[in-house]
Amino acid sequence: MPDTPVIDAIHARRSVSPKYLEAPGPSPEEIHAMIGAACAAPDHGHLGPAEFIYVPDDMRDALADVFEAVAMEANPDLSPEIRAQARERSLNGPCLLALVVRIDEGNEIVPASEQWLSAGAAMQNVLLAAEDFGYRAKVVSGARVRSPVMRAAFRLEAHEHLSCFIVIGSATGKTKERPRRTADQALRVWAG
Ligand SMILES: Cc1cc2nc3c(=O)[nH]c(=O)nc-3n(C[C@H](O)[C@H](O)[C@H](O)COP(=O)(O)O)c2cc1C
């Protein structure tokens, strides 16, 4: 079966570490289009579980303060180097989006698991749209996204989860090939 342009684009997507993502990043119009693509994800009950928060350039330092505070929360005796590394994680890459997933736990028709799946599909649409505009991206998380300090910085309510950050930009250097499962590994036939 020959691949189609969409299937080729899906296979060609490669995550690039935020350290190797530089300007230019997406324009406001391109970011808008990426979030529009996210809104085309399957969404049972139209609950809109995925919300994307753009961190503007002039707020990156304030977010670096939060990343440092999160690191200090885990270990107050961190060296200046490790604190600087924690800050750096929020400064890498020209475009930073946070993905907040809002789960309606009490929904009688759409269980939380379906809402998470929908948010994941929205995330993937952002990645594919970013690549379609010629950028590379990476989804990153770590324990920091669940930290109380981080949650407070994003003013999250109990049913809201900072699930990850999406860093988008232009790749410097070669992209890394990571092993992926094949269709034969992921597909089986129901035998009753
Ligand atoms: C929600 C989510 C969070 C992730 N968090 C991290 C992370 O903190 N660090 C990391 O190296 N990879 C993380 N990954 C995996 C990478 O984004 C990436 O998918 C993986 O390295 C495989 O590379 P590929 O996308 O090019 O196949 C995360 C993926 C998802 C979906």
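Everything that follows concerns the structure shown earlier in this document.
About the cut-offs
- Residues numbered from 1 in each chain as written.
- Predicted model: local features only at pLDDT ≥ 70, side-chain atom pairs only at ≥ 80, totals over all residues.
- Heavy atoms only, no water.
- Helix = DSSP H or I, 4+ residues; strand = E, 2+ residues; numbered from the N terminus.
- Rg over C-alpha atoms; globule rule 2.2 N^0.38 Å.
- Buried < 20%, exposed > 50% of the residue type's maximum accessible area, 1.4 Å probe, protein only.
- Contact = heavy atoms within 4.5 Å.
- Lys, Arg positive; Asp, Glu negative; His and termini not counted.
- Charge placed at Lys NZ, Arg CZ, Asp CG, Glu CD.
- Near = heavy atom within 4 Å.
- Polar contact = N/O pair within 3.5 Å; in protein donor to acceptor, adjacent residues only side chain to side chain.
- Areas by Shrake-Rupley, 256 points an atom, 1.4 Å probe, with all protein chains shown as cover.

A. Region of the structure containing the overall build of the chain. Looking only at helices and strands, the chain has 7 helices and 5 strands in total. Mapped in sequence order, the helices and strands of the chain form the string α-β-α-β-α-α-β-α-β-α-β-α. Taken over C-alpha atoms, the radius of gyration comes to 18 Å for the chain, in line with the 16 Å a tight globule of 192 residues would show. Projected onto its principal axes, the C-alpha coordinates of the chain cover approximately 55 × 45 × 35 Å. Relative to its 192 residues, the chain shows a buried fraction of 34%. The contacts in the chain between residues at least 6 apart in sequence include a share of 81% that link residues at least 24 apart. Considering the chain, the positive charge centre built from 20 side chains and the negative charge centre built from 26 side chains are found 8 Å apart.

B. The site of the ligand, seen in detail. In the neighbourhood of the ligand, the contacting residues comprise Arg13, Arg14, Ser15, Met123, Lys138, Val139, Val140, Ser141, Gly142, Arg178 and Arg180. Interatomic distance of 2.8 Å between a backbone N/O atom of Ser141 and an oxygen atom of the ligand. Calculation on the ligand without its partners gives an accessible area of 620 Å², and the protein chains cover 60% of this total. With 3 residues, the top contributor of residues to the shell around the ligand is strand 4 (residues 136–140).

C. Main features of the side chain of Asn92. Tracing the backbone through its elements, the reader meets Asn92 in the loop between helix 4 (80–91) and strand 3 (95–102). Setting aside residues no more than four positions away along its own chain, Asn92 makes contact with Pro18, Lys19, Arg60 and Val167.

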